[in-house]
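Summary of structural features
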Amino acid sequence: MSKIIDAMGQCCPIPVLMAKEAIADGEAFFTIDVDNQTSVENLKRLAASQGFSAVVREGEGRFSLDFLKLGQTAQPGEAPVPTPLPAAGGYAVFVGRDIIG
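Evaluation of the coordinates by the stated rule reveals three salt bridges. Residue Arg62 pairs with Asp33 through a salt bridge whose shortest N-O separation is 4.0 Å. Residue Arg62 is found in strand β4 (residues 62-69), and its partner Asp33 is found in strand β2 (residues 29-34); the two are separated by 29 residues along the sequence. For Asp33, a relative accessible area of 9% gives the class buried.

Written out as structure tokens, the structure reads:
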């Protein structure tokens, strides 16, 4: 079963720090629950910068972000997370910052 991190009621940067700790502990799949859109956007940026996909589920004042290390698959009984498909016949470049280097 995946790790579930409860960051409800926490303002940024606390949810990001909690997710970073899970990543540093070697978690390849985990869910973090937050209650504000700012945390969602910051967590999505963290996921992209650390080689994770982040799928957001929203309901009843709660956002749940499922983090999955790219190249991994969820174990049986865990929430399904789509695995990115390779580009068909081409490539894509994603730049997450204003500068390179």
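Let us look at helix α1 (residues 14-24). Burial in α1 covers these residues: Pro15, Val16, Ala19, Ala22 and Ile23. Buried positions in α1, seen along its axis, are confined to an arc of 120° and lie on one side of it. Summarising the geometry of α1, the exposed residues directed more than 90 degrees from the buried face are Glu21 and Ala24. The inward-facing, buried residues of α1 contact β1 (3-6), β2, α2 (37-49), β3 (52-59) and β4. Looking at the residues trailing α1, positive phi occurs at Gly26, about 90°.

On to the nonpolar core, then. Among the nonpolar cores identified, the biggest contains 17 residues, and Phe30, Ile32, Val34, Leu43, Leu65 and Phe67 are the most heavily contacted of them. Only α1, β2, α2 and β4 provide two or more residues apiece to this core. Apart from the residues lying within four places of it in its own chain, the contact partners of Ile32 are Ile5, Ala7, Pro15, Met18, Ala19, Leu43, Phe63, Ser64, Leu65 and Phe67.

This paragraph deals with the sheet that holds β4. Taking strand neighbours across the sheet as the criterion, the four strands line up as β1-β2-β4-β3 in an open arrangement whose pairing is mixed. For this open sheet the edge positions go to β1 and β3, each flanked by a neighbour on one side alone. With direction set aside, neighbouring strand axes in the sheet form an average angle of 20°. Of the strand pairs in this sheet, β2 and β4 are connected by six bridges, and their pairing is antiparallel. Opposite Phe30, over in β4, you have Phe67 as the bridge partner. Helix-sheet contacts for α1 involve β1, β2, β3 and β4, and the interaxial angle to β2 is about 170°.

Relative to the elements of secondary structure, Val56 occurs in strand β3. Setting aside chain neighbours within four positions, we find Val56 in contact with Val40, Lys44, Phe63, Ser64 and Leu65.

Turning our eyes to something else, we now look at α2. With 13 residues, α2 should cover 18 Å at 1.5 Å per step; its first-to-last C-alpha distance of 19 Å lies within 8% of that length. Every buried residue of α2 is accounted for by Ser39, Val40, Leu43, Leu46 and Ala47. End-on view of α2: buried residues confined to an arc of 125°, all on one side of the axis. Of the exposed residues in α2, the ones pointing more than 90 degrees away from its buried face are Thr38, Arg45 and Ala48. If you follow the buried residues of α2, they end up packed against α1, β2, β3 and β4. Backbone geometry just downstream of α2 places Gly51 in the positive-phi region, at approximately 80°.

Criteria and cut-off values
Residues numbered from 1 in each chain as written. Predicted model: local features only at pLDDT ≥ 70, side-chain atom pairs only at ≥ 80, totals over all residues. Heavy atoms only, no water. Salt bridge = Lys/Arg side-chain N within 4 Å of Asp/Glu carboxyl O. Helix = DSSP H or I, 4+ residues; strand = E, 2+ residues; numbered from the N terminus. Buried < 20%, exposed > 50% of the residue type's maximum accessible area, 1.4 Å probe, protein only. Arc of directions from axis to C-beta. Contact = heavy atoms within 4.5 Å. Core = buried A, V, L, I, M, F, W, Y, C linked by side-chain atoms within 4.5 Å. Pairing = 2+ DSSP bridges. Axes fitted to C-alpha atoms, helices over the stretch in contact; angles between N-to-C directions. Expected span 1.5 Å × (residues − 1).

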